[in-house]
Amino acid sequence: MTVSIISALAFIYGGVFSKNPEISLIPASLAFLFHMGRELIKDMEDLEGDQALRSETFPIAYGIKNSTVAAYKKLNT
């Protein structure tokens, strides 16, 4: 989630210096959703290592099936 928020903040910061900062919310939202879906997919790929280190990731907590559904919805919104 942190990576997604940081990616979205780049657009928010840019919008602060424009005459119409509200318009920056559209690309910020798209960046957040895209990166959130991507990070879920990457967490699914790293499942074995995360389990070995006892990390608390979405795929470990909610399973691969739920992670796949969440990533698909985030990437296709």
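For the structure, see preceding data.
The written sequence of each chain sets the order in which its residues are numbered from 1. Selection of residues for local features in this predicted model requires a pLDDT of at least 70, selection of side-chain atom pairs for listing and counting requires 80 or more, and totals for whole chains, interfaces and linings are taken over all residues. No hydrogens and no water enter the side-chain calculation; it runs on all heavy atoms of the structure.

(A) Quick look at the pattern of salt bridges. Whenever a carboxyl oxygen of Asp or Glu lies within 4 Å of a side-chain nitrogen of Lys or Arg, that contact is scored as a salt bridge. Inspection of the entire model under this criterion finds two salt bridges. Between Glu39 and Arg38 there is a salt bridge; the shortest N-O distance is 3.1 Å. Among the ionic pairs, Lys42 bridges to Glu45, the shortest N-O distance being 3.1 Å. Of this pair, Lys42 and Glu45 both sit in helix 2 (residues 25–45), three residues apart, which is roughly one turn of the helix. Whether a residue is buried, partly exposed or exposed follows from its accessible area with a 1.4 Å probe, protein chains only, as a fraction of its type maximum: under 20%, in between, or over 50%, in that order. On the basis of relative accessibility, which here comes to 34%, the residue Lys42 falls in the partly exposed class. Numbering goes from the N terminus for both helices and strands, where a helix is a DSSP run of H or I of at least four residues and a strand is a run of E of at least two.

(B) Focus on helix 1 (residues 2–16). Expected span of a helix, by definition, is 1.5 Å for each gap between consecutive residues, and there is one gap fewer than residues. The terminal C-alpha atoms of helix 1 lie 21 Å apart, and with 15 residues this matches the ideal 21 Å at 1.5 Å per residue to within 8%. Listed as buried for helix 1 are Ser4, Ser7, Ala8 and Gly15. By definition, residues are in contact when any of their heavy atoms lie within 4.5 Å. Those residues of helix 1 that are buried lie in contact with helix 2.

(C) Quick look at unusual backbone geometry. Of note in this structure, Arg54 is not a glycine but carries a positive phi near 55°. Topologically, Arg54 is positioned in the loop between helix 3 (47–52) and helix 4 (58–62). Under the relative-accessibility criterion, Arg54 is labelled exposed at 75%.

(D) Examining the packing of aromatic side chains more closely. Planes of paired rings set the category: under 30 degrees apart is stacked, over 60 is edge-to-face and the rest tilted, where pairs are Phe, Tyr or Trp rings (Trp by its six-membered ring) whose centres lie within 6.5 Å. Under the criterion given, the structure shown has one aromatic pair. Ring centres 4.7 Å apart and planes at 40° place the aromatic pair Phe58 and Tyr62 in the tilted group. Here Phe58 and its partner Tyr62 are both found in helix 4, four residues apart, which amounts to about one turn of the helix. The class for Phe58 is partly exposed, based on a relative accessible area of 32%.

Coordinates in, geometry out; function isn't part of it.
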